[in-house]
Amino acid sequence: MTREEKFMQEAISLSLQGIRNNEGGPFGCVIVKDDTIVGRGNNQVTSSNDPTAHAEVVAIRDACKNLGTFQLDDCEVYTSCEPCPMCLGAIYWARPKKIYFANNRQDAADIGFDDSMIYDEMAANIEQRRIPITSLGREQALEVFKEWQDKINKTAY
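Residues numbered from 1 in each chain as written. Predicted model: local features only at pLDDT ≥ 70, side-chain atom pairs only at ≥ 80, totals over all residues. Heavy atoms only, no water.

The next thing to look at is the pattern of salt bridges. Summed over all chains, the structure comprises 9 salt bridges. Between Asp50 and Arg61 there is a salt bridge, and its shortest N-O distance comes to 4.0 Å. Taken together, the residues Asp50 in the loop between helix 2 (45–48) and helix 3 (55–67) and Arg61 in helix 3 connect sequence positions 11 residues apart. Relative accessible area serves as the criterion here: at 23%, Asp50 is assigned to the partly exposed category. Residue Asp150 pairs with Lys146 through a salt bridge whose shortest N-O separation is 2.6 Å. Taken together, the residues span about one helical turn, with Asp150 and Lys146 both in helix 7 (residues 138–150) at a distance of 4 residues. Look at the salt bridges and you will find they share partners, linking Arg3, Glu4, Asp35 and Glu76 into a network. (Salt bridge = Lys/Arg side-chain N within 4 Å of Asp/Glu carboxyl O. Helix = DSSP H or I, 4+ residues; strand = E, 2+ residues; numbered from the N terminus. Buried < 20%, exposed > 50% of the residue type's maximum accessible area, 1.4 Å probe, protein only.)

Next up, the structure:
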């Protein structure tokens, strides 16, 4: 078994453990740095009443806490399923060097986890989205952006 297969087996094991513990859907993830698992997560949406508690987000939070950083440079993400749009965004913000996945988005859709509507919404113009989106308070919000831009002692990311 390759190192990659070993880490993927751990992600898959977390997905199974999560459903057997009634924590959420069948998804698991590990974050690896220097051949060591630094973050683990399984889907905990229903047990935590948190729609963002997907396996990848839970694992990213765990890895960042364990590493004491907000970016996962030189890390690899092993997830039991192709990341949904939210998780893919979180992964990109975390900046790992590679992503591995087992099941694909069609496999997920086949068991009731269909993200195609979200992909469609992301591609649609704001005016055509299912949930109305309205800009409000831009003038005041731009003042905060200006203060951030001028801030000397900020931590850029």
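Moving on, there is more to tell.
Taken as a whole and judged by the stated rule, the model has 4 aromatic pairs. For the pair Phe7 and Tyr78, a centre-to-centre distance of 5.4 Å together with 50° between the ring planes defines the contact as tilted. In this pair, Phe7 is assigned in helix 1 (residues 3–20) and Tyr78 in strand 3 (residues 75–81), connecting sequence segments 71 residues apart. Residue classification places Tyr78 among the buried residues on the basis of a relative accessible area of 0%. Through a chain of ring-to-ring contacts, the aromatic side chains of Phe7, Tyr78 and Tyr100 assemble into a single cluster. In this arrangement the basic side chain of Arg105 is found over the ring face of Tyr119, its NZ or CZ atom lying 4.1 Å from the centre. (Phe/Tyr/Trp six-rings, centres within 6.5 Å; stacked < 30°, edge-to-face > 60°. Lys NZ or Arg CZ within 6 Å of the ring centre and 35° of its normal.)

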